[in-house]
2 protein chains.
Amino acid sequence: MRFPKLFVENPKKPEKDRVVVERDGKVIKFLEEGEEYSGDGKVLYEVIYDDFDEYVLMGTVVCDMLMYYEVGEVKQITYIKKGTKLLEIPAEGYKVYPIVDFGCRVLEGHRLAALQSRKGDIRFVNTPETGIVLFLKEVPSKRENYIFYILPEGKKWD
Amino acid sequence: MRFPKLFVENPKKPEKDRVVVERDGKVIKFLEEGEEYSGDGKVLYEVIYDDFDEYVLMGTVVCDMLMYYEVGEVKQITYIKKGTKLLEIPAEGYKVYPIVDFGCRVLEGHRLAALQSRKGDIRFVNTPETGIVLFLKEVPSKRENYIFYILPEGKKWD
């Protein structure tokens, strides 16, 4: 699988898959197609991964979301609660070469992208905080333009 | 929380927490302390995170394991099945400066650590494949010595 699946609580255009979150994330249950659910957990609906930024407003996640990523025999689940603050870090230039991608944990000062000017000079965009890259948005514009959505971990690391 | 919690199927020295995996990872349930469980899922027991490498033999994960990492309002779960092959990449030198840590996704050719020789020369250790750093082991020895355990994603990325 090349991209993670994204599930949200208030989908704009739901796809077919669903996941249930019970007891504040202590139980996570992917429903089968057509499976009934009658518990008191939150049901999250699959949406297109590329629409991630539609569920983030002014740097704040507007509804519970869950990302699911499968690599070989490994499953990775990230459950993000409504109200979580994200860093939005832009990378814009004549040419932009992203260095990290979704799922990458980045340590403070690490490079996110290389920017090349029209003259060929190279500069780097770094992350100001340690965190996890949740999404990389390509913004359509004349110059190349990306936004990194990073979940900051705060200053807990020495 | 500074470190992830590690749960394994066949613990050597179990701690108090448990998690149940049902339907091949479609249901993940963290049990409360003392909670009874009578379903047919696999019960995984918490062990000390630093003992990760005791459950990896010749680059192969020897029992199902689950890592749980909490950052603020975000919960990240990684479920790794028995038999998963990991890359073990050593970094040894007079001084070793790890650049990435557990949870980091690294793209092919990215730097894992900087090595400094006694004369002060700097070299880098890179990852030969794209993957996720699951564990960073510090090996006690005369020179500084680390092993990066990386879950390779294969050549699916352009």
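Per chain, the residues get numbers from 1 upward, laid out in the order the sequence is written. Starting at A for chains and at 1 for ligands, labels are handed out in the order in which the entities are written. In keeping with the predicted nature of the model, local features appear solely for residues at pLDDT of at least 70, side-chain atom pairs appear and are counted solely at 80 or more, and the whole-chain, interface and lining totals rest on all residues. Calculation of side-chain values draws on the structure's entire complement of heavy atoms; hydrogens and water are dropped beforehand.

For chain A, the name recorded in an unreviewed UniProt entry is DUF2118 domain-containing protein, with Methanocaldococcus villosus KIN24-T80 as its organism.

1. Observations regarding the confidence of the model for chain A
Rules: As a per-residue quantity, pLDDT reports the predictor's confidence and falls between 0 and 100.
Here chain A averages 90 in pLDDT, while 96% of its residues score no lower than 70. For this predicted complex, the interface confidence reaches an ipTM of 0.82, while the overall pTM sits at 0.85.

2. Focus: the nonpolar core
Basically, it comes down to this: The definition of a nonpolar core used throughout is a set of buried Ala, Val, Leu, Ile, Met, Phe, Trp, Tyr and Cys residues joined through side-chain atoms within 4.5 Å. Think of it in three bands: residues with accessible area under 20% of the maximum for their type are buried, residues over 50% are exposed, and the middle band is partly exposed, with areas taken using a 1.4 Å probe on protein chains only.
Of all hydrophobic cores here, the largest spans 45 residues; its most connected members are F52 of chain A together with F52 of chain B. Core analysis: the next-biggest nonpolar cluster, separate from the first, contains 20 residues, V21, I28, F30 and L66 of chain B among them.

3. Focus on the environment of L136 of chain A
All names here are of chain A. Convention followed: Numbered from the N terminus, helices here are DSSP runs of H or I no shorter than four residues, and strands are runs of E no shorter than two. The contact criterion used is simple: two residues touch if any of their non-hydrogen atoms lie within 4.5 Å.
Looking at the element boundaries, L136 is found in strand β14 (residues 131-138). On a C-alpha basis, the gap between L136 and I89 in space is 9.6 Å, while along the polypeptide they are 47 residues apart. In contact with L136, not counting residues within four places along its chain, are P98, V100, D101, Y146, I147 and F148.

4. A short note on the environment of L31 of chain A
All names here are of chain A. Relative to the helices and strands, L31 is located in the loop between β3 (27-30) and β4 (42-47). As a C-alpha pair, L31 and V19 span 12 residues in sequence and 5.6 Å in three-dimensional space. For L31, the contacting residues outside a window of four places in its chain are R18, V19, V20 and Y37.

5. Focus: a nonpolar patch on the surface
Under the convention used in this document: For patch detection, residues must exceed 30% relative accessible area and be free of salt bridges, and they are connected within 9 Å for like charges or within 5 Å for nonpolar side chains (Val, Leu, Ile, Met, Phe, Trp, Tyr). Note that accessible areas follow from Shrake-Rupley with a 1.4 Å probe, and for residues the cover is restricted to the protein chains shown. For salt bridges, the criterion is a side-chain nitrogen of Lys or Arg within 4 Å of an Asp or Glu carboxyl oxygen.
Taken together, the side chains of L57, M58 and V62 of chain A present a nonpolar region at the surface, about 360 Å² in accessible area. With respect to the helices, strands and loops of the structure, V62 of chain A is situated in the loop between β6 (60-61) and β7 (65-71).

6. Describing the relation of the copies chain B and chain A
This is how the line gets drawn: In this comparison the copies share one frame, found by least squares on the C-alpha atoms of residues holding pLDDT of at least 70 in both.
The transform that puts chain B on chain A rotates by 180 degrees and translates by 0.1 Å along the axis, for an RMSD of 0.1 Å. Taken together, the turn and the small shift mark the pair as related by a two-fold rotation axis. A share of 98% of interface residues in chain B that are also interface residues in chain A marks the association as one of identical surfaces.

7. Some details on the domain arrangement of chain A
Interfaces are often sized by the accessible area lost when the parts come together. All names here are of chain A. Our working rule: Each domain's limits were defined by an automated method or a database of domain assignments. Here the buried area means the combined drop in accessible surface, using a 1.4 Å probe, for two parts upon being joined, counting both sides. Here a polar contact is recorded for every N or O atom pair within 3.5 Å, except that within protein the pair must consist of a potential hydrogen donor and a potential acceptor, and residues adjacent in sequence are included only if both atoms are side-chain atoms. Polar here means any residue outside two lists: the nonpolar Ala, Val, Leu, Ile, Met, Phe, Trp, Tyr, Cys and Pro, and the charged Asp, Glu, Lys and Arg; Gly therefore counts as polar.
Taken domain by domain, chain A comprises domain 1 (5-80) and domain 2 (87-152). One C-alpha centre belongs to domain 1, the other to domain 2, and the line joining them spans 26 Å. Contacts between the two partners involve 10 residues from domain 1, matched on the other side by 6 residues from domain 2. Carbon and sulfur atoms supply 72% of the area buried between domain 1 and domain 2, which totals about 800 Å² over both sides. On the domain 1 side of the interface with domain 2, the three residues burying the most area are Y49, F52 and D53, jointly 52% of the side's total. The interface formed by domain 1 and domain 2 holds 1 salt bridge in total. Between D53 and K137 there is a salt bridge; the shortest N-O distance is 3.2 Å. One can count 3 residue pairs in polar contact (both at pLDDT 80 or more) joining domain 1 with domain 2. Partitioning the side of domain 1 that touches domain 2 into residue classes produces 7 nonpolar, 1 polar and 2 charged.

8. A word on the interface of chain B and chain A
Every contact between the two is made by 40 residues of chain B and, on the other side, 39 residues of chain A. Between chain B and chain A, the buried area comes to about 4,000 Å², and carbon and sulfur atoms account for 51% of it. At the junction of chain B and chain A, the tally comes to 6 salt bridges. Its salt-bridge partner being K26 of chain A, residue E32 of chain B comes within 3.9 Å of it at the nearest N-O pair. Counting across the interface, chain B meets chain A through 20 residue pairs in polar contact (both at pLDDT 80 or more). Only β3 (27-30), β7 (65-71), β8 (74-80) and β15 (144-152) of chain B provide two or more residues apiece to the side of chain B that touches chain A. Of the residues belonging to the side of chain B that touches chain A, the class tally is 19 nonpolar, 6 polar and 15 charged.

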